[in-house]
Amino acid sequence: IAITSQEFSEIIYKKKFIYEKNPHIAIGVSGGVDSVALLILMNNWVKKHKGSLTVVHFDHKIRKHSSLDAEFVQNLSIRLGVNCKILKWSGSTPTSSLMKKAREQRYDKILNYCKSKNIITLMTAHHLEDSLETYLMRKSRKYSTLGLAGIPTFNNRGSIQIFRPLLNIKKDRLIQTCLRHKFTWVEDLSNNNKEYERVRVRHEVKKLSEEKKNKIISNLKCSIRNNNEVEEKLSAFFCKNLQFKEFGEFTLNKEKLLKLSHKLQVEVLKKILVTCSG
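Residues numbered from 1 in each chain as written. Predicted model: local features only at pLDDT ≥ 70, side-chain atom pairs only at ≥ 80, totals over all residues. Heavy atoms only, no water.

J.: When you look at the pattern of salt bridges in this model, what are you seeing that I'm missing?
T.: Pairing between side chains of opposite charge can happen when their charged atoms approach one another. This model, assessed by the stated rule, comprises 11 salt bridges. Across the pair K271 and E231 runs a salt bridge whose closest N-O atoms are separated by 3.3 Å. Residue K271 is located in helix 10 (residues 262-277), and its partner E231 is located in helix 8 (residues 210-241); the two are separated by 40 residues in the primary sequence. A salt bridge links K259 to E255; the shortest N-O distance between them is 4.0 Å. Of this pair, K259 and E255 both sit in helix 9 (residues 254-259), four residues apart, which is roughly one turn of that helix. Exposure class is identical for K259 and E255. Each is exposed. (Salt bridge = Lys/Arg side-chain N within 4 Å of Asp/Glu carboxyl O. Helix = DSSP H or I, 4+ residues; strand = E, 2+ residues; numbered from the N terminus. Buried < 20%, exposed > 50% of the residue type's maximum accessible area, 1.4 Å probe, protein only.)

This is the structure we're talking about:
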């Protein structure tokens, strides 16, 4: 079933998205079905809120015909009447950890562009299956507690908030949304390259029965709820019992720390170490 404008507005509201008056929002658009669906839905939403959109596309130059994807996104933006900025890979193509480095440069370039235009929100089109894949990848690496979750709905990179409104939506519904509005999309051939871990996990998930898949989704949602509870307890503890100075000096109330469960004591120390190390 396609996502209606009303349903999408309700999703935005329930996610408690904070935005400025006459919001100016950037959307990362690859040209794939997920980002095209998000662009269609956000274009309707932003008009009702008297705001504006900027489509941002990163041409990584890794694939032979990547410039055609950039051209597709540009034409799509013209059709919808929204601003479009094409950013390009700089420097030589790395010979190792290609996907990781491409993702890092994509985010860096897009976030720097947003800052230069005073855009405070970047939206991406990650959906339920993306979050599920991340969860399974982390589980295979024996992540625990706060590390064992999918993709976050919100996170901040400097002054920019990254918002992923579609994390509870299955990809089938995004496909139906594009079809309903008569929009085409491009297929990324790297999505079939099993050299990449995410692609291998994606293919394994496709083999699962609906019952098995729903059980994993249920486990993911349970893990997210548990994580939120732990985060709330950590925040409450830090507000009352932590002092910190410049250069990574943290002071804890030891007596209060030892009153926490062993599990929470570990999470307190992990959070401090991660924060201190950057």
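J.: In this structure, what is going on with the sheet that holds strand 1 (residues 24-28)? I would like to understand it.
T.: Backbone-to-backbone hydrogen bonds pair the strands of a sheet. The strands run either parallel or antiparallel. Strand order in the open sheet made by the six strands is 3-2-1-4-6-5, with mixed pairing throughout. The open sheet has two edge strands with one neighbour each: strand 3 (83-88) and strand 5 (154-157). Each neighbouring strand pair of the sheet contributes to a mean axis angle of 25 degrees, computed without reference to strand direction. Strand direction decides the pairing type here: strand 1 and strand 2 (residues 52-59), joined by five bridges, are parallel. Paired with G28 across the two strands is V56, which belongs to strand 2. Where helix 3 (residues 66-80) meets the sheet, it contacts strand 2 and strand 3, and its direction lies at approximately 170 degrees from that of strand 2. (Pairing = 2+ DSSP bridges. Axes fitted to C-alpha atoms, helices over the stretch in contact; angles between N-to-C directions. Contact = heavy atoms within 4.5 Å.)

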